[in-house]
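Summary of the model geometry
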Amino acid sequence: MALANVSVTVSGTNPFALTVKSDQGLVVTNNAILSGSTNNTATAISASSDGTAASGGGAIDWTIVQPNVVKVQYNATAAFTGASFTASPGDNFYGVWEYPWNDSLTNNGIEFDLKGVGNGLGINWDNARAPAFYSSAGFGVYADSLDMGSFHFTAGQAQFIFNTSSLTYYIILAASPGDYKSIIETYTGLSARITMPPDSGYGPTFWSDNFEQDFHGTVSNAQENYYDVVNHLFYNQIRATSMFADRPYGTGNYSWGNFDFDPEYYPTPDQFIANLSTWGFDFQVWAANRAFLDTELYNVSAANGWLFPGINPEYFLGPALNLSIPAAYEYFLERMSYFPSVGVKGFKIDRGEEGEMPVYEQNIQMQLFEQICETTMANKWGKSGFYNFARSAVDRSRSLTNIWNGDSHANFTGLRYSIASGIRAGLLGFSTWSSDTGGYVRANALVADQPTPEVWARWMHFSSYSPVYEIMVGTNHTPWYAPYPSRLVDVLKRTANEHHSLIPYIRSFTYQANVTGVPVMRALFLETPEDNGVYDTTDAYFFGDSFFVAPITSEGGARSVYFPGAAQPGYGHGNGHGNASTSGTAGRAYLEYYNKTVVQQAGSSATVVLEWEESPVYVREGSVVVKGDVYQGNNKWTGTDGESWSPSLTIEVYPTYKAGYAEASFPYYTGKDSEVVGINVVADEKAKTVTVQWSGDLGVPGTPQVVVYGKSGARNGTVTAPVSGKGGKVIVEGFESIFG
């Protein structure tokens, strides 16, 4: 990316302050550097212009390390250090926490530690986090530390303080006005970026809170309960890629700590997992750094002095191992190797913020445990041959684990908060994200009508257009069993199969997140920064750069949808969003995706009313969408035992003649050795033609189906290939754009 050039000057010595300026006019004021003996007593320090702190308080150093990045280091004599930044009163602050405080994308008015949030409105334990924030003014700040810290955001000011005497932070300026993606790209390049998951990781994934109960028909143990799910998916032809075992599944106190499967419920675990694999399912299990009383994990750790002291080991409240102790780390790593040895391909990584360790250890210990889980699986299956996911993770764990958003409440509030949570996770660089479809926390302990059928149906649609689709069944909570209607199974099939068909699309944008940090699930202002009205939209998002998704989040199926992208007159630096001034031009239009007949203009609003079977999804003018069936998973119904299945691709094109969008390109990631094939589209208004062309191997046998959508509907193109056999070209003549 082309970067802004910055300069940095000392703008004050009492208190010490730095001012960073870009050659494009952005000014960032680091108005104070803080120091003190406690978090609550840290105050602004004075220092000379060379960074020598007054009264022997240490030294400050600053360096331009990239054209748009200033690195600041403060080595202090006090135990706590921090910094504060001023901004315009109308600026928004984003980042730090996945949890959507007050159902908002912003942190305005929030003061909280860099730790797990705990129980909250809409979601419990929604705990991905990062020591980084962004301002709508066009800059970000990243504090490079795993130490415990706190952040405080007020009107016109952002502040952080960490429990360390040696603090490094980076001031990051947008590459150009409004380019918030460049802030994310720079920040994740300094911290960590996601690792590509296997194709099975995208889901749909089916699991139960307890497969050792809620038996139906002839089912008599947990293994057979999984098989019952496998059978229902097969007979309904519902696509799936994996399953996982939440607790209980092992022996011992609360089913964790003996590194095994309970023979009463899992009599033949090796064969059971092999059977699932044969039927197209990868299999993961629950794991946590928590030693329950009288388990092997507890007894060995207690004997060696590895447990954090003063924590009740009874039942649910076992202490964590201090993984900073090398022997404890190596022991845990070695014992975890049992699971991949019997075929397990991933961990659901739970807890880490429920009192099992001192609060100040949360970020350090979770990163170490996620490293154990990642190493355990990578040693057996390779770097991208498994799927780990956690609810509690700090930014340095991005390359170690994927994220699910904790325990969502099984109602419309939980759905609304989960949508906002997914958007916020993306802003933090945690792209490969999921929520428990339908919610986890139910009003009266596993009652059958939580969630309601409508809540579940609406959530299924949301998960269809999430980076990962995972859904809890069992415990009186299964779509094909009473009290749920058969209509819900139809919605499950529609959404699960739609998500599966989107794997080529999702995988391509996940690869972009792996390379740049820019997420799949995107806040509206990442794509339409020119639109003042979308800087705190929590109930709609872009999915990649082609889809605009606005889930229904209330009973009855009605909602108002605002279509983003209309530039505001007079929009510029003075409005708090740091963008160049524009004159109120129209942005890209939107085509309703399922029926492909209704076009909405940027800046307009519409009221939609939809039954369970549909959800508001729109494709942007000039977009390219690559879909298909590239991963077999559980499809054993195509031919005998699925033997007739073969991968296929469809390239959907939505051309326009509008200036700026008549040419488009889709970077298709084939899944092989970082291979990206550009699929390019040119709409020529004078010739009334649309040309679709690519120059590489798309990784499927034969040629893809190419469908060009215009005013007359879908037109299938005939692919011509070069002599080499790689690449292809389609020309559609006499084309009229549906976008006018």
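Before going into details, it helps to say that this report is about the structure given with it.

Scoring rules and cut-offs
- Residues numbered from 1 in each chain as written.
- Predicted model: local features only at pLDDT ≥ 70, side-chain atom pairs only at ≥ 80, totals over all residues.
- Heavy atoms only, no water.
- 1 Å grid on protein atoms, 1.4 Å probe; cavity = no way out; pocket = protein on both sides within 12 Å on 5 of 7 lines; lining within 4 Å.
- Points joined across faces, edges and corners; volume = space filled by probe spheres on them.
- Nonpolar A, V, L, I, M, F, W, Y, C, P; charged D, E, K, R; others polar.
- Core = buried A, V, L, I, M, F, W, Y, C linked by side-chain atoms within 4.5 Å.
- Buried < 20%, exposed > 50% of the residue type's maximum accessible area, 1.4 Å probe, protein only.
- Helix = DSSP H or I, 4+ residues; strand = E, 2+ residues; numbered from the N terminus.
- Contact = heavy atoms within 4.5 Å.
- Pairing = 2+ DSSP bridges.
- Axes fitted to C-alpha atoms, helices over the stretch in contact; angles between N-to-C directions.

Under the counting rule described, the total for this entry stands at 8 cavities of 30 Å³ or more. Within this model, the largest cavity holds a volume of roughly 110 Å³. Along the walls of the largest cavity sit 14 residues, with Thr-195, Lys-383, Phe-386, Leu-400 and Asn-402 positioned nearest its centre. Residue composition of the lining of the largest cavity, by class: 5 nonpolar, 6 polar and 3 charged.

Bringing the nonpolar core into the picture now. Judged by nonpolar contacts, the single largest core of 99 residues is most densely connected at Phe-525, Phe-547, Phe-548, Ile-679 and Val-692. Tallying contributions element by element places helix α8 (residues 412-427) first for this core, with 6 residues. When residues no more than four places from it in sequence are discounted, the contact partners of Val-692 are Ile-651, Val-653, Ile-679, Asn-680, Val-681, Val-706, Val-708, Gly-728, Lys-729 and Val-730.

Taken in spatial order, the 9 strands line up as β24-β22-β20-β19-β18-β17-β16-β26-β25 in an open sheet, and their pairing is parallel. Here the strands that pair on one side only, and so sit at the sheet edges, are β24 (433-434) and β25 (436-437). Sheet analysis places strand β16 (residues 205-208) next to strand β26 (residues 470-473), joined by 4 bridges and oriented parallel. By the bridge assignment for β26, Ser-208 is matched with Val-473. Its contacts with the sheet put helix α2 (residues 222-236) on β16, β17 (242-245), β18 (282-287) and β26, and the angle it makes with β17 is roughly 160°.

Another point: unusual backbone geometry. Phi is mostly negative for residues that are not glycine, and the peptide bonds are mostly trans. Residue Pro-204 is bonded to the preceding Gly-203 through a cis peptide linkage, with omega at 5°. Turning to its location among the elements, Pro-204 is positioned in the loop between α1 (180-190) and β16. The omega torsion of the bond from Ala-482 to Pro-483 falls at 10°, within 30 degrees of zero and hence cis. Assignment of secondary structure puts Pro-483 in the loop between β26 and α10 (486-501). In this model, Asp-214 sits at a positive phi of 60°, which is unusual for a non-glycine residue. Owing to a relative accessible area of 17%, Asp-214 belongs among the buried residues under this scheme. The residue Gln-237 is not glycine, and still its phi comes out positive at about 55°. Looking at the element boundaries, Gln-237 is found in the loop between α2 and β17.

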